[in-house]
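Summary of the model geometry
If you want the building blocks of each chain, they are given just below.
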Amino acid sequence: MISKIVQAGEPVLRKRARQLSVDEIRSKFVQELIDRMRETMRDAPGVGLAAPQIGEPLQLAVIEDRADYQRNVKAERLTLLERKPVPFHVIVNPRLTLLESAKPSFFEGCLSVTGLVGLVPRALDVHLDALDEHGQPVSIDAHGWHARILQHEFDHLQGVLYVDRAYPRTLMTQESYAVHWGAKSIDEVLRELDPDRTP
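Conventions and cut-offs
In every chain, residue numbers begin from 1 and rise along the written sequence. Only residues with pLDDT of at least 70 get local features here, since the model is predicted, and only at 80 or more are side-chain atom pairs given and counted; chain-wide, interface and lining totals rely on the full set of residues. To obtain the side-chain values, all non-hydrogen atoms of the structure were used and water was disregarded. Residues belong to one nonpolar core when they are buried, are Ala, Val, Leu, Ile, Met, Phe, Trp, Tyr or Cys, and are joined through side-chain atoms within 4.5 Å. Throughout this description, buried means an accessible area under 20% of the type-specific maximum (1.4 Å probe, protein chains only), exposed means over 50%, and partly exposed covers the range between. By definition, any uninterrupted DSSP run of H or I lasting at least four residues is a helix, any uninterrupted run of E lasting at least two residues is a strand, and each is numbered from the N terminus. Aromatic rings from Phe, Tyr and Trp, taking only the six-membered ring of Trp, are treated as a pair when their centres fall within 6.5 Å; an angle between ring planes under 30 degrees marks them as stacked, one over 60 as edge-to-face, and anything in between as tilted. For two strands to be treated as a pair, DSSP must find at least two bridges joining them.

Attention now moves to the nonpolar core. In globular proteins that are soluble, nonpolar side chains generally tend to be buried together. The biggest cluster of nonpolar side chains holds 29 residues, and the ones touching the most others in it are Ile91, Phe107, Leu119, Leu150 and Met172. Here this core gets 5 residues from one element, more than from any other, and that element is helix H4 (residues 144-157). In this structure, Ile25, Ala51, Leu60 and Leu131 belong to the second largest nonpolar core, which totals 17 residues.

Quick look at the packing of aromatic side chains now. Under the definition given, this model contains 2 aromatic pairs. Plain terms: the ring middles of Phe106 and Trp145 are 6.3 Å apart, the flat faces sit at 70 degrees to each other, and that makes the pair edge-to-face. One end of the pair, Phe106, is in strand S4 (residues 105-108); the other, Trp145, is in helix H4, and 39 residues separate them in sequence. With a relative accessible area of 9%, Phe106 lands in the buried category. Ring centres of Phe107 and Tyr177 lie 4.6 Å apart, and the angle between their planes is 55 degrees; on these two criteria the pair is classed as tilted. Of this pair, Phe107 sits in strand S4 while Tyr177 sits in helix H6 (residues 174-181), and the two are 70 residues apart along the sequence.

Turning our attention to the pairing of strand S2 (residues 60-65). By the criterion of burial, S2 is predominantly enclosed, with 6 of the 6 residues buried. Every second residue of S2 is oriented toward a common face, with Leu60, Val62 and Glu64 on one face and Ala61, Ile63 and Asp65 on the other, all of them buried. Alignment of strand S1 (residues 48-50) against S2, held across 3 bridges, turns out to be antiparallel. When the sheet's bridge partners are listed, Gly48 is paired in S2 with Ile63. As judged from the 5 bridges shared by S2 and strand S3 (residues 86-98), these two strands associate in the antiparallel manner.

Structure below.
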């Protein structure tokens, strides 16, 4: 079953989601919610979806970056993004630690901010402790694009959208990005769009 993805402006996206008990995680409701979130994410398609994005204020997110999503991306682009396939996984009640002081910027979008993208600085390496879909503890050390996805979804659970972290002058429609900016380096984009930005 596919759920409606709520859009920016919905109050649920701006509130810190509540944690789940192990019994709740194992409940029929949450197990069915996970299935619904996976199908909704794949239908969109997206690489991550947090429960608040379908109106459920719970500390729960699903993540998957499938190989077929990367099929039409040039190899040098995948290398630049440090993007590799990530198998489906669930994070519940996550605790995130940024492991790197450097925060490279790349364009991000969001299923709850339809049609827009913007440059967002994110840590290249993170450590995440959470519970999985069975209520079992999991630890994830992620690098590159996987680390970026985890940070993006973790933010959703805190009531934060990527636009809060983006360089404001780089927010644009996906169409404008494709026509004017997609072929430029990040340095070129920042020089042209945000020349007064403090390094």
